[in-house]
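# Reading the structure
Chain by chain, the residues run as shown.
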Amino acid sequence: MADQSIHVEDMAACRSQSVRRRPLVVDMDGTLVRSDLLIETALSELACRPRSAIGMFNALRCGKAALKHYAASSLDFDASALPYDEAVLEEIEIAQKDGRPVYLASAATERVVRAVADHLGVFDGHVGSDATTNCTGKTKAAKLVEAFGEGGFDYIGNDADDLAVWSKCGKAIGIRVSGRVSRRLAAMPVEAKYLTDEKPSWRTWAHLLRMHQYSKNLLLLVPLLASHQLTPANLVVLGIGFVSFCLCASSVYIINDLVDLQADRMHPTKRLRPLADGKIPLIHALFAAPLLFLASFILAAGVSPAFFAVLLGYFALTTAYTFYLKRKMLIDVVTLAMLYTVRIIAGATAIGVDVSPWLLTFAIFIFLALALVKRYAELATRLDLQLSEPSNRNYKFEDLGVVAAFAAAAGYNSVTVFALYISSPDVNVLYQRPQMLWFVCPVLIYWISRLVMIAHRRSMTEDPIVFAMTDRNSLLSFLIAGLAVVAAV
């Protein structure tokens, strides 16, 4: 509270020096920063220390200010990577050129506000919440009126909590203001101005939902093709299952992006994700994730109870990966391989066929290889850009050679499993000319080797499966392998 009083006194001192130039006061969450730092700090704390949920609950019982203070108390907060709004920064620059003092007034906790103010270095003072006082709405308005007088300052804000401040300011400046809030602001006897902002489009939401990753869920069709049970009824069931998995995967992707906000902002490409870049409000993502989850499991229940159970297991495993397993060396790639394999099990469950042990063994090895290639590409990119080692992955730059070796070994083991299957009596159950399947082996060896080489040459910037769906040589390899399988039937 002492620090907060000092900042208010600084504001009052500047008021006497700037009678003719009204100070510009800037809100932070949703205004200067295209994000909500309470949600960010709480999720980051939960991701690092899941047991802190108990502490947050106890803090919330003492009020929102106590929750903010608790969530940010042990967090290593980096203000340099936040998505700052260019329009607001431009407004601050204009005010400074006019000789006007600029202040940051936020409902975020004092520690976070100070970090942002120190990083930008453009503010003459700042004020935030402490462990007992939530500096928002009428509380913030009272502090600013005490410092500058009613109508003695201009204020930039964005939501309903800022209406109390706008009612006391000289000029109201809004950004990302909803229609309801703008109508209430228009009814106030105060001059209003709106800054331009970019609304999220359907493409932005498609990026958040990772719709380009939906191709992975085509793995549900593998048991259908492998068992030669291609019927209209099975296609309809698997179509529903495909949509169910896509919705579930999107809900998990949103949760992952919410948890990884700070890490994504330090990544050369992930920093452009809609949540990391502030293109979609975090609160909207928090509502979207459970809605997608609910829709997914409603569809899954319509397929079969067994499919519902497999999807629930997939969600549990991928959630564990998001919050814990992805930080464990090699456990993360084994988990990714299992998540791909679960899709095959789900496809078999949906149409009521048994999954061959040969198919499961092959799948685990081939997907482990792809997960290792993905990890290699991510690590190599960071090394080439002279970035620090990933904080949310337990890999070091000197591991690159070992990771590549593991990827090649796992990939070649999948070819060995396939060759052993061709040599086994089991192959005669489904194939009349199993010798044609031998043509698949050299294609697999080429494709796996090429993926490792492309990653080594730093030409793979995305998930290997997504890359393969758009890579001409990979598609040609799939075509040749498919023709060999058809000829063997």
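Please read all numbers here as calculations on a predicted model, not as lab measurements. (Residues numbered from 1 in each chain as written. Predicted model: local features only at pLDDT ≥ 70, side-chain atom pairs only at ≥ 80, totals over all residues. Heavy atoms only, no water.)

## Comments concerning the confidence of the model for the chain
Confidence in the prediction of the chain, expressed as mean pLDDT, is 87, and 94% of residues score 70 or more. Within the chain, strand S1 (residues 24-26) carries the highest mean pLDDT (96), whereas helix H1 (residues 2-17) carries the lowest (46). Confidence drops under pLDDT 50 across residues 1-6; counting only partners more than four residues distant or on other chains, this segment forms nine contacts. Low pLDDT (under 50) marks residues 14-19, which in the prediction has six contacts with non-local residues, meaning those over four places away or in another chain. (pLDDT = per-residue confidence, 0-100. Helix = DSSP H or I, 4+ residues; strand = E, 2+ residues; numbered from the N terminus. Contact = heavy atoms within 4.5 Å.)

## Thoughts on the layout of surface pockets
Counted as a void, the largest pocket has a volume near 1700 Å³. Lining the largest pocket are 48 residues, and of these Val222, Leu225, Leu359, Phe362 and Val485 sit closest to its centre. At the level of secondary structure, the elements contributing two or more residues to the lining of the largest pocket comprise helix H11 (222-226), helix H16 (331-351), helix H17 (357-384), helix H18 (400-423), helix H19 (440-456), helix H20 (464-470) and helix H21 (472-488). Here the element with the most residues in the lining of the largest pocket is H17; it accounts for seven residues. The residue inventory of the lining of the largest pocket, partitioned by class, reads 39 nonpolar, six polar and three charged. Taken as a whole, the second largest pocket holds about 1100 Å³ of empty space. In terms of lining residues, the second largest pocket is bounded by 40 residues, among which Asp29, Gly30, Asn158, Asp159 and Pro281 are the most central. Elements that contribute at least two residues to the lining of the second largest pocket include exactly helix H4 (64-73), helix H5 (86-97), strand S2 (102-109), helix H9 (179-186) and helix H14 (282-303). When grouped by side-chain class, the residues that make up the lining of the second largest pocket number 12 nonpolar, 10 polar and 18 charged. (1 Å grid on protein atoms, 1.4 Å probe; cavity = no way out; pocket = protein on both sides within 12 Å on 5 of 7 lines; lining within 4 Å. Points joined across faces, edges and corners; volume = space filled by probe spheres on them. Nonpolar A, V, L, I, M, F, W, Y, C, P; charged D, E, K, R; others polar.)

## What to know about the packing of helix H12 (residues 232-259) against H14
At a closest axis distance of 8 Å, the pairing of H12 and H14 adopts a crossing angle of 155 degrees. Classed by the angle they form, the pair H12 and H14 counts as roughly antiparallel. The two elements H12 and H14 cross, and the hand of that crossing is left-handed. Of the residues contributing to the contact of H12 with H14, the split by class is 20 nonpolar, five polar and no charged. (Axes fitted to C-alpha atoms, helices over the stretch in contact; angles between N-to-C directions. Parallel < 35°, antiparallel > 145°, perpendicular 65-115°, else oblique. Left-handed = near helix turned anticlockwise from the far one by under 90°.)

## A look at the pairing of strand S6 (residues 191-194)
The pairing of strand S5 (residues 171-174) with S6 spans four bridges and is parallel. Residue pairing in the sheet places Lys171 in a bridge with Glu191 of S6. Taken together, S5, H9 and S6 form a β-α-β motif whose crossover is right-handed. (Pairing = 2+ DSSP bridges. Right-handed = clockwise from strand over helix to strand, strands pointing away.)

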